[in-house]
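Secondary and tertiary structure notes
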Amino acid sequence: MRRLAVFLASSDGHDPAHAELAADVGAELARRGIGVVYGGGGRGLMGVLADSALKAGGEVVGVMPHSMVEREWAHEKVTDLLMCDSMHERKALMAEHADAFVALPGGLGTLEEIFEVWSWRQLGFHTKPVGFLDAGGFWTPLLGALHGIADSGLLAASTLDDLAVAPDLPGLLDALEERLRRVPRPAHGAEAPAR
């Protein structure tokens, strides 16, 4: 894996453990020679991730719409800042420059981003693996809800099983690497895909 797209909050949140996690992830990815692709922000958990990876000598690629750069939201010291015109283009560029996707603690934007790339994988628009870093059980309630949706028949069990989930980064990277070695089965066939 050459680069990992990381979706996470542009705010700090209330729990300092989230910032510690973002810093640890940035440093560990740099140590492993895995570049970070992220939303380009200089604040919140996004800024912590970028600062940590850069301090450890890692590559950090930020992707941000021009309008957000003009509001001075961009990190000024990333390795490369890719600018675009819209949030749609932002996600497409991040997907283009990454080999896999993970969600760290975040809010609405993080959820929107990770669910979109996960649905793209389910539909066969890409084969890049998707995962949640469930450190401290942050994503456990959401994952429980997803299992409930699968139990209702509205989310294919195979799609849920394809999601990489681990409580720590080494375990998550192993799960993503394992999924990189196999091509997922997109939802298709006689029945309409579960959405």
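What comes next concerns the included structure.

What about unusual backbone geometry?
- At glutamate 72, a position not held by glycine, the phi torsion is positive, near 65°.
- You can see glutamate 72 is positioned in the loop between helix 3 (66-70) and strand 4 (80-84).
- Residue class for glutamate 72 comes out exposed when judged on its relative accessible area of 65%.

Comments concerning the sheet that holds strand 6 (residues 130-133)
- Strand order in this open sheet of 7 strands is 4-3-2-1-5-6-7, and the pairing throughout is parallel. The sheet is open, and its two edges are formed by strand 4 and strand 7 (164-166), each paired on a single side. Mean inter-strand twist for the sheet, computed between neighbouring axes without regard to direction, equals 25°.
- One ladder, built from 3 bridges, connects strand 1 (residues 3-7) with strand 2 (residues 35-38); its direction is parallel. In the sheet register, leucine 4 faces strand 2, and the bridge partner there is valine 36.

The rules behind the values
- Residues numbered from 1 in each chain as written.
- Predicted model: local features only at pLDDT ≥ 70, side-chain atom pairs only at ≥ 80, totals over all residues.
- Heavy atoms only, no water.
- Helix = DSSP H or I, 4+ residues; strand = E, 2+ residues; numbered from the N terminus.
- Buried < 20%, exposed > 50% of the residue type's maximum accessible area, 1.4 Å probe, protein only.
- Pairing = 2+ DSSP bridges.
- Axes fitted to C-alpha atoms, helices over the stretch in contact; angles between N-to-C directions.

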